[in-house]
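Listed below are the residues making up each chain.
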Amino acid sequence: MASTKLFGLFAFFLLLLSAAVAEDDHRFPLGEEKRTHLRFYLHDILGGPEPTTLVVATAKTTSKSPTLFGTVVMADDPLTEGPEPTSKLVGRAQGLYASASKREVALLMAMNFAFVGGEYNGSSLAILGRNGVFSGVGEMPVVGGSGRFRLAQGYALARTHRSDATSGDATVEYNVYVVHH
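Residues numbered from 1 in each chain as written. Predicted model: local features only at pLDDT ≥ 70, side-chain atom pairs only at ≥ 80, totals over all residues. Heavy atoms only, no water.

Details of the overall build of the protein
Defined as follows: Every helix listed is a DSSP run of H or I at least four residues long, and every strand listed is a run of E at least two residues long, numbered separately from the N terminus. Residue exposure (1.4 Å probe, protein chains only): buried if accessible area is under 20% of the type maximum, exposed if over 50%, otherwise partly exposed. Here, residues are in contact when the closest pair of their heavy atoms is within 4.5 Å. To be clear on the numbers: accessible area is Shrake-Rupley with a 1.4 Å probe, and residue cover counts the displayed protein chains and nothing else.
Of regular secondary structure, the protein possesses one helix and nine strands. Mapped from its N terminus to its C terminus, the protein presents α and β elements in the order α-β-β-β-β-β-β-β-β-β. For the protein, the residues scored as buried account for 34% of the 181 residues in total. Taking all contacts inside the protein whose residues are at least 6 apart in sequence as the whole, residues at least 24 apart take part in 47%. Accessible surface, the protein: about 11200 Å² in total, of which carbon and sulfur atoms supply 61%.

Put into structure tokens, the structure is as follows:
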């Protein structure tokens, strides 16, 4: 008799749990899975009258490091359709990057690509990962998104399109591949 009551109580508990899970499904609609490829250009401007980056920290040993190990930079870089800075603005890359290697120029990047205008207006993608600057093509994971890119995951490929050794300015082509709902 006691085991029958225990079994009944257990079955009732499972019924309540399944109802709660089913209810959660309605509060978190995923919708159809989509795959999107984006291509744009990031303009990292270190000098001139309107820089888009700012060094916020440097290590005491940075002056001895050829990779500027320990340097942290905040960025609010324009993203454009084409490689020219005058090309149509599609968003801003806002976040930080830091020199994370003593032996090569490799950056830890924590960046939000915030899109303006068009079908992705108000949406964003979050990038977090290592960018080997001189490796040809740097690959970083897309770890999330908002708006049209809710629940995004994927990867971003970064390739230097143009760089100026004197000013430090660079234009970087991004190809971003995401799966989202």
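After that view, the rundown keeps rolling.
Brief notes about the pairing of strand E5 (residues 106–115)
One face of the sheet, then the other: side chains in a regular strand alternate in exactly this way. Counted only if it meets this: DSSP bridges decide pairing: two strands pair if at least two such bridges lie between them.
Across nine bridges, strand E4 (residues 89–99) lies against E5 in antiparallel orientation. Bridge pairing in E5 places Ala-93 opposite Phe-113. The antiparallel pairing of E4 with E5 creates a hairpin that spans six residues between the two strands. As judged from the nine bridges shared by E5 and strand E6 (residues 124–132), these two strands associate in the antiparallel manner. Considered in E6, the bridge of Met-109 is made with Gly-129.

Side note on the environment of Ala-100
Mapping Ala-100 onto the fold places it in the loop between E4 and E5. Relative accessible area serves as the criterion here: at 47%, Ala-100 is assigned to the partly exposed category. Spatially, the C-alpha atoms of Ala-100 and Arg-130 are 8.4 Å apart, while their sequence positions differ by 30 residues. For Ala-100, the residues in contact, after removing those within four places along its chain, are Phe-69, Ala-106 and Leu-108.

Focus: unusual backbone geometry
The phi angle at Leu-68 is positive, at roughly 60°, despite the residue not being glycine. Mapped onto the secondary structure, Leu-68 falls in the loop between strand E2 (53–57) and strand E3 (72–80). Unusually for a residue other than glycine, Leu-151 sits at a positive phi of about 65°. One can find Leu-151 in the loop between strand E7 (138–146) and strand E8 (153–163). Judged by relative accessible area, Leu-151 falls into the partly exposed class, the value being 41%.

Details of the environment of Ser-101
Keep this limit in mind: Nitrogen and oxygen atoms within 3.5 Å of one another constitute a polar contact, given that in protein one can donate a hydrogen and the other can accept it, and given that sequence-neighbouring residues count only through two side-chain atoms.
For Ser-101, the position within the fold is in the loop between E4 and E5. Considering only alpha carbons, one finds Ser-101 and Arg-130, 29 residues apart in sequence, at a separation of 9.9 Å. Other than its neighbours up to four places away in sequence, Ser-101 contacts Thr-67, Phe-69 and Ala-106. At a separation of 3.2 Å, a polar atom in the side chain of Ser-101 contacts the main-chain amide nitrogen of Arg-103.

Side note on the pattern of salt bridges
Cut-off, in case you're wondering: One side-chain nitrogen of Lys or Arg within 4 Å of one carboxyl oxygen of Asp or Glu is enough to make a salt bridge.
On inspection of all chains with the given rule, the structure shows seven salt bridges. In this structure, the salt-bridge partner of Arg-92 is Asp-76, at a minimum N-O distance of 2.9 Å. Of the two residues, Arg-92 sits in strand E4 while Asp-76 sits in strand E3, which places them 16 residues apart along the sequence. For Arg-92, a relative accessible area of 25% gives the class partly exposed. In the salt-bridge network here, residues are joined through shared partners; they are Arg-39, Arg-159 and Glu-173.

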